[in-house]
Every structure is written in C-alpha cells, then in structure tokens.
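The lines below spell out each chain.
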Amino acid sequence: MLLKRWLLLATLMLAMPAALAQASGGAIVAAASSLQFALDEVAERFTSETGQRLRFNYGSSGNFRRQIAQGGPFELFLSADEQQVLALHEAGHTEDEGVIYARGRLAWLQRPGRGDLPEPEDPLAGARQAIAAYQAGEGRARLALANPQHAPYGVAARQALEQAGLWASSEPLRILGENVSQAAQFALSADARGGLVAYSLVLAPALAERGEHVLIPERWHAPLNQRMVLIRGAGETARAFYAYLQRPEARAILADYGFALPDSEVP
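Note that this is a predicted model, so its numbers are computed, not measured. All chains use their own residue numbering, which begins from 1 and follows the written sequence. In view of the model being predicted, local features appear only for residues whose pLDDT reaches at least 70, and side-chain atom pairs are presented and counted only at 80 or more, with totals across whole chains, interfaces and linings using the full set of residues. Computation of side-chain values: all heavy atoms of the structure, hydrogens and water removed.

Quick notes on the overall build of the protein chain
Part 1 of the reasoning: Scanning the protein chain from terminus to terminus reveals eleven helices and ten strands.
Part 2 of the reasoning: Relative accessibility thresholds used throughout: buried, under 20% of the residue-type maximum; exposed, over 50%; partly exposed, between the two (1.4 Å probe, protein chains only). Relative to its full complement of 267 residues, the protein chain shows a buried share of 48%.
Part 3 of the reasoning: Only heavy atoms matter for contacts: two residues are in contact if any of them lie within 4.5 Å across the pair. Considering only contacts within the protein chain whose residues lie at least 6 apart along the sequence, 77% involve residues at least 24 apart. Think of it this way: any DSSP run of H or I at least four residues long counts as a helix, any run of E at least two long counts as a strand, and we number them from the N terminus.

Description of the sheet that holds strand β8 (residues 192-198)
Part 1 of the reasoning: When DSSP finds at least two bridges between two strands, those strands are taken to pair. Across the sheet, which stays open at both edges, the five strands sit in the order β7-β6-β8-β5-β9 with mixed pairing between neighbours. For this open sheet the edge positions go to β7 (174-177) and β9 (212-215), each flanked by a neighbour on one side alone. Recorded for the sheet is a direction-independent mean angle of 25° between the axes of neighbouring strands.
Part 2 of the reasoning: As paired elements, strand β5 (residues 106-110) and β9 share four bridges and run antiparallel to each other. Bridge assignment links Ala107 to a residue of β9, and that residue is Leu215.
Part 3 of the reasoning: Every angle, taken between N-to-C directions, lies between 0 and 180 degrees, and every axis is a line fitted to C-alpha atoms, over only the stretch in contact when it is a helix. Where helix α7 (residues 180-187) meets the sheet, its contacts fall on β5, β6 (142-146), β7 and β8, and the angle it forms with β8 comes to roughly 155°.

Focus on the nonpolar core
Part 1 of the reasoning: To qualify as a nonpolar core, a set must consist of buried Ala, Val, Leu, Ile, Met, Phe, Trp, Tyr and Cys residues joined through side-chain atoms within 4.5 Å. In this structure, Leu76, Leu78 and Phe241 are the most contacted members of the largest nonpolar core, which totals 66 residues.
Part 2 of the reasoning: If near-sequence neighbours (up to four positions away) are discounted, Leu76 is found in contact with Ile28, Val29, Ala30, Val229, Leu230, Ile231, Ala238, Phe241, Tyr242 and Leu245.
Part 3 of the reasoning: Core analysis: the second largest hydrophobic core is formed by ten residues, Phe64, Phe74, Phe77 and Val229 among them.

Here we look at the pattern of salt bridges
Part 1 of the reasoning: Criterion for a salt bridge: a side-chain nitrogen of Lys or Arg within 4 Å of a carboxyl oxygen of Asp or Glu. Inspection of the entire model under this criterion finds nine salt bridges.
Part 2 of the reasoning: The partner of Glu95 in a salt bridge is Arg239, and the shortest N-O contact between them spans 2.4 Å. Linking Glu95 in the loop between α4 (83-90) and β4 (99-104) with Arg239 in helix α10 (residues 236-244), this pair joins segments that are 144 residues apart in sequence.
Part 3 of the reasoning: Residue Glu95 is classed as partly exposed on the basis of its relative accessible area of 33%.
Part 4 of the reasoning: In this structure, Glu249 engages Arg247 in a salt bridge whose closest nitrogen and oxygen atoms are separated by 2.3 Å.
Part 5 of the reasoning: You can call Glu249 partly exposed: its relative accessible area is 23%.
Part 6 of the reasoning: The exposure class assigned to Arg247 is partly exposed, which follows from its relative accessible area of 35%.
Part 7 of the reasoning: Each of Glu49, Arg247 and Glu249 takes part in a single network of salt bridges with overlapping partners.

Things to note about a negative patch on the surface
Part 1 of the reasoning: A surface patch of like charges, here negative, comprises Asp40, Glu41, Glu44 and Asp256.
Part 2 of the reasoning: Secondary-structure assignment places Glu44 in helix α2 (residues 36-50). Surface patches are defined over residues having more than 30% relative accessible area and no salt bridge, joining like charges when they lie within 9 Å and nonpolar side chains (Val, Leu, Ile, Met, Phe, Trp, Tyr) when within 5 Å. Here, Shrake-Rupley sampling with a 1.4 Å probe gives the accessible areas, and only protein chains in the shown set may cover a residue. His is not counted, nor are the chain ends, whereas Lys and Arg count as positive and Asp and Glu as negative. A single reference atom marks each charge: NZ on Lys, CZ on Arg, CG on Asp, CD on Glu.

Here we look at empty space enclosed by the protein
Part 1 of the reasoning: We place a 1 Å grid over just the protein atoms. Points where a 1.4 Å probe fits but has no way out form a cavity, open points with protein on both sides within 12 Å along at least 5 of 7 lines form a pocket, and any residue with an atom within 4 Å of a point lines it. Grid points are joined across faces, edges and corners, and a volume is the space filled by probe spheres set on the points. For the structure shown, the criterion picks out two cavities of 30 Å³ or more.
Part 2 of the reasoning: Its volume calculated, the largest cavity comes out at about 50 Å³.
Part 3 of the reasoning: For the largest cavity, the full set of lining residues is Ala32, Ser33, Ser34, Gly59, Ser60, Ser61, Ala80, Ala151, Pro152, Tyr153, Asn179 and Val180.
Part 4 of the reasoning: Under the scheme applied, nonpolar residues are Ala, Val, Leu, Ile, Met, Phe, Trp, Tyr, Cys and Pro; charged residues are Asp, Glu, Lys and Arg; polar residues are all the others, including Gly. Counted by class, the lining of the largest cavity contains six nonpolar, six polar and no charged residues.
Part 5 of the reasoning: Estimates place the volume of the second largest cavity at around 30 Å³.
Part 6 of the reasoning: Lining the second largest cavity are Trp108, Leu143, Ala144, Leu145, Leu161, Arg174, Gly195 and Leu196.
Part 7 of the reasoning: When residues in the lining of the second largest cavity are grouped by element, the largest group, three residues, is from β6.

As for the confidence of the model for the protein chain
Part 1 of the reasoning: As a per-residue measure, pLDDT reflects the predictor's confidence and takes values from 0 up to 100. Per-residue confidence for the protein chain gives a mean pLDDT of 90, with 89% of residues at or over 70.
Part 2 of the reasoning: Taken together, the stretch residues 1-24 has pLDDT below 50 and engages in 17 contacts with residues farther than four places along the chain or on a different chain.

Right under this line is the structure:
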C-alpha cells in the first residue's frame, strides 16, 4: 500500500508542470533574456500554426537553473549557455542533455548620436575612454553588463573585458543587470557610456531605434552555445515547441536576430 501511494505521488509530481500549464492556458517556458524578442516572434508563428499556447518567463539562465532544481513549474528551458542545462541533467531534472539551438553574440551598445561609436577593430574603445576619464577625475560614466555570477552574457562580457585588459580597472564603473535585458537598459541610460549585451537584443526593433552598436569578436570570449532541454514531466505543447524550434522556419527567425545556427563554425 505504501509503495502504491509513493508511486501515485511520484506520478502526480511529474505531471504537475503540465497540469499547471493547462490550468493557466499554456506551456510554461523558462528562457534566457537574450531570446526575448526573437522567441516571441517564433512563438507567435508557432501558435498561429498549431493553436497551442505558451507562457514565457525571461530572466538569467543561472537563476532559472536554481528555480528548476527547486521544483519550479517549467516544462522547457532555453538557456543562454550549455552549463546550466548540463548541470540540471546531471542532477536528474531533465529528460536528457537537450540540444544546442543557437550560438549567441556579444555587442557593445550605447546611446545614439554621440558621434563616438567604437570602430569594429577596437570595439571596447568606449570602455577604455570611460576608464581613462574616471582615473583623470573627469566623471564616472558607467559600463553596463549582466551579472557574471548567474548570466552567461555577463560571463562573456567579463571575458571580453579581461581580454582587453580592462576588467580590473573597470570595477568602479561597472553596473550589473540582473540579466542581459536589464543590462541593455542600463547601457542606454543617461549616466552610462555604454555596455556589453546580447547582439540579439540590439537588433530588436524596440532597442535598434534607441541605440547603436558594434559587434565584439567571438574569439574574445568562450562560445555562447545556447542549449535547450525538456524538463521532466513536460507536456505535449512544450514538446511540440521544442521540436518546432529545431525547424528551418524557427531557425531563420533566430538568425534574423543575430544568432548563429548550431552547426556554423566559430571564427
């Protein structure tokens, strides 16, 4: 009898995310902030074709990993890197190791009309100038990035600054976003010189009109291989969307937002 009760409880727990999704009107997806605009467009097409609805929560991949490990009601997780997904799989929270769905890019973003956008061959010139001005007592223009402690794009930003020899000297100027979307907002604020954010965000119409950007070379940081995975107990809608994201039409939308396809080479 006790064994039967335990099996019943286990079955109910596994089915809980799908049940919550049905009650709330859509599969619950945890997605990295770098995907916000691109994924909304993919989801709109998916829903129009299938009639199946989705609910998105955007944030930092590290925070989502902790929430999922603690039983958060997510069915599908789209991370901005691989490590968060692989850690969840090792702990037994996912169905498998998932798949890489895209590779992200990092960009320098600043307010438009300044007339001092860095050249592609020296994309962190703005950060260097801000540091030099601060050290000379000429103001404190902030440098925005996502928090490296739990945001993969923050890790990439730190690596790019380290590669340029600016990580230590930038410490008094750094302002950290909870995720890369918040970092983009900080980068465009009045007291900021700019910031290091996801290329996919600066290409979105909502930000493209508010800022100007220059790409950071991929060799300046570890590849941002973005991996997605189904959480144990995922429902049919989440599974259908997981498959849809691997189709050419979904990949084409991701490419429009600056994501490299999984099988493309890193320069």
